[in-house]
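# A closer look at the structure
Each chain, letter by letter, is given below.
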2 protein chains.
Amino acid sequence: MSTIMALDNPTLQKAVTTADKVFDAMLHAIVDGKIAAGSKISEPELAKQYEISRSTLREALNRLEKCHLIERKANVGSRVVDCTIEGLLEIYVVREALEGMACREAANNMSDEEIAEMQAMLAQHANSQALKDGVSYYQEEGDLDFHYKVILGSHNQQLINILCGQLYHLVRMYRIQFGMHSPRATRAFQEHSNIIQAICDRDGELAEILMRRHIAASRKNIENKIAQQNSSQNKA
Amino acid sequence: MSTIMALDNPTLQKAVTTADKVFDAMLHAIVDGKIAAGSKISEPELAKQYEISRSTLREALNRLEKCHLIERKANVGSRVVDCTIEGLLEIYVVREALEGMACREAANNMSDEEIAEMQAMLAQHANSQALKDGVSYYQEEGDLDFHYKVILGSHNQQLINILCGQLYHLVRMYRIQFGMHSPRATRAFQEHSNIIQAICDRDGELAEILMRRHIAASRKNIENKIAQQNSSQNKA
DNA sequence: TAGGATTTAATTGTCGACAATTAAGTCCTA
DNA sequence: TAGGACTTAATTGTCGACAATTAAATCCTA
């Protein structure tokens, strides 16, 4: 099982209150696009739908706002954020900065056990049927697992909160809604492998550089894909 | 007047609702230490104090939580974050990563007008009585003004939100509560000057490196100060 | 007296209703 | 018919009360 589920909730504590559960439900609904990006949120309607009061719903909405998944204007209401190319590129800029630093810190702060775990994970991915057969599993779950592990390995609570608690929900949302299943799997796997090696060598400087290149490469891949889509649209 | 006030509210819109006003009031109270760091927050008590209902107070608390100024546990309550040395260093790590990147992006994206404004601001600081007389003004307001301008200059909404909307409240809180009036003003001023030059030259790579060093130097300065305090404590 | 179970008090979570603001629809006028 | 003022409907913000959970105090027992 992947570690993704456990990280939906930044505090790592189970959803005990009803607002928590509604937050979880809406989080997945928005990320998966079941609640459309850019759409307006009607408090009375959703409250009825989830069979809760508006107060409880608003509590959930506040947490979604913390993840930057919805935006609120006073006396007007909430909207789901819309997925724009500019927004996606902005996120990648932040990821490059933060995950690069997280990777440096991980090289400094991860325990030997944690590093061993990560190597084991990579080995498992290498042997997994998914990677051999197709590309999709590794590209989605496996890639996220790797990045989460590095972030957690930084042992920096601020980094962990910002990346896992906020930014990565958006990352997943973009992945799903833009349908990113690019053929970078084997190459990304090699990059992951090199990064882990740098961490294992406790070479923070190199680890940061490699992680930044890894994310920048991913960004460029997206940019190319977008440009490609646009040109084919223009042809048609 | 400094640009700081305008940035308390991430969305840059005035506080129209009562929850907004209470949020503003509590924000300042917490940053200034009038509500003690680490102290528990009693919802009934504060609601009575601000003469509002608990619902409205909780709305304000939610926004404070977004700024990472308070932490909430389900069925237990809220606490103001406590100021620890570890926490401070964690923030500086994040700042180094994000503001370094913001500086790179600023070099790429700032308009010529924006750059001119920033140069004017620096010149004004240089001539200001405050910098000549004492060190405190520049160290506090002037330094923050500079950093805000660079961050805004990145034109990256994610960076702006995270840094101005969240992290910098904590930065200010630590500055005040740890009483940081270090004699780095003239040197910091020189560093700012060099950074602006790099931005003016549109040299993003250099701009990022200089900003990272600038922040790292500030962090080391704090670390020394802390170590110094500890050793003098041990003597006594 | 110390430790633990039970009762009590206080705090947080949730609810439905009213007030204030905004958006939509209607009517009037040029 | 187009534009704007007015009226109406819907949505958001705020309030006080009740339910559920947690923390404190009390009592009992070994």
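The present account deals with the structure reproduced in this document.

Near DNA strand C you find 20 residues, and of these Thr 17, Thr 18 and Thr 56 of chain A together with Arg 54 and Arg 58 of chain B are the closest. Sugar and phosphate atoms form 67% of the subset of DNA strand C atoms that lie within 4 Å of the protein. Contact distances for DNA strand C include 3.4 Å between a phosphate oxygen and a backbone N or O atom of Ala 19 of chain A. Elements represented by at least two residues in the surface near DNA strand C include exactly helix H1 (18-31) and helix H3 (54-66) of chain A together with strand E1 (40-41), helix H2 (43-50) and helix H3 (54-66) of chain B.

Surveying the vicinity of DNA strand D reveals 20 residues, the closest of which are Arg 54 and Arg 58 of chain A together with Thr 17, Thr 18 and Thr 56 of chain B. Thr 17 of chain B is positioned with one of its side-chain polar atoms (N or O) 2.3 Å from a phosphate oxygen of DNA strand D. Between DNA strand D and Thr 18 of chain B there is a distance of 2.2 Å, counted from a phosphate oxygen to a side-chain nitrogen or oxygen. For the surface near DNA strand D, the elements supplying multiple residues, two or more each, are strand E1 (40-41), helix H2 (43-50) and H3 of chain A together with helix H1 (18-31) and H3 of chain B. Looking at the surface near DNA strand D residue by residue, the class counts come to seven nonpolar, eight polar and five charged.

A word on H3 of chain B. Residue and element names in this part refer to chain B. With 13 residues, H3 ought to run about 18 Å at 1.5 Å a step, and its terminal C-alpha atoms sit 18 Å apart, in line with that. For H3, the full list of buried residues reads Leu 57, Glu 59, Ala 60, Leu 61, Asn 62, Arg 63, Leu 64, Glu 65 and Lys 66. Regarding H3, its N-cap is Ser 53, as a side-chain oxygen of that residue lies 3.3 Å from the backbone nitrogen of Ser 55 further along.

Next up on the list: the sheet that holds strand E3 (residues 77-80) of chain B. Strand pairs in the sheet, formed through backbone hydrogen bonds, run parallel or antiparallel to each other. All names here are of chain B. The three strands lie next to each other as E1-E3-E2, forming an open sheet whose pairing is antiparallel. Looking at the sheet topology across the chains shown, the edges are occupied by E1 and strand E2 (70-73). Both E1 and E3 contribute to a ladder of two bridges, which runs antiparallel. Following the sheet pairing, Ile 41 is matched in E3 by Ser 78. Seen against the sheet, H3 touches E1, E2 and E3 and runs at an angle of roughly 115° to E2.

Our next topic: the environment of His 169 of chain B. Summarising the element assignment, His 169 of chain B is placed in helix H8 (residues 157-177). Taking the C-alpha atoms as reference points, His 169 of chain B and Arg 202 of chain B, separated by 33 residues in sequence, lie 29 Å from one another.

This part takes up the packing of H2 of chain B against H3 of chain B. Residue and element names in this part refer to chain B. Two elements in contact, H2 and H3, have axes separated by 9 Å at closest approach and are oriented at 100°. Classified by the interaxial angle, the pair formed by H2 and H3 is roughly perpendicular. Between H2 and H3, the residues in contact are Glu 43, Pro 44, Leu 46 and Ala 47 and Arg 54, Leu 57, Arg 58 and Leu 61, respectively. For the contact of H2 with H3, a count of residues per class yields five nonpolar, no polar and three charged.

Conventions adopted
- By convention here, each chain's residues receive numbers from 1 onward along its written sequence.
- Starting at A for chains and at 1 for ligands, labels are handed out in the order in which the entities are written.
- A pLDDT threshold of at least 70 governs which residues receive local features in this predicted model, and a stricter bar of 80 or more applies before side-chain atom pairs are shown or counted, although totals over entire chains, interfaces and linings include all residues.
- As a convention, hydrogens and water are excluded, and side-chain values are obtained from all of the structure's heavy atoms.
- In these notes, residues near a molecule or strand are those with any non-hydrogen atom within 4 Å of it.
- Pairs of N or O atoms within 3.5 Å make up the polar contacts considered here, provided that, within protein, one atom can donate a hydrogen while the other can accept it, and that residues adjacent in sequence are counted only when both atoms are side-chain atoms.
- Strands are runs of DSSP state E lasting at least 2 residues, helices are runs of H or I lasting at least 4, and numbering of each runs from the N terminus.
- Amino acids outside the nonpolar list (Ala, Val, Leu, Ile, Met, Phe, Trp, Tyr, Cys, Pro) and the charged list (Asp, Glu, Lys, Arg) are all regarded as polar, and Gly is one of them.
- By this rule, a helix spans an expected 1.5 Å times one less than how many residues it contains.
- Relative accessibility thresholds used throughout: buried, under 20% of the residue-type maximum; exposed, over 50%; partly exposed, between the two (1.4 Å probe, protein chains only).
- Only strands joined by at least two bridges in the DSSP assignment are considered to pair.
- Whether two residues touch is decided by their heavy atoms; if any such pair falls within 4.5 Å, the residues are in contact.
- Between the N-to-C directions of two axes lies an angle of 0 to 180 degrees, each axis being a line fitted to C-alpha atoms and, for a helix, fitted only over the stretch in contact.
- Each angle is binned into one of four classes, with values under 35 degrees roughly parallel, values over 145 roughly antiparallel, values of 65 to 115 roughly perpendicular, and all other values oblique.

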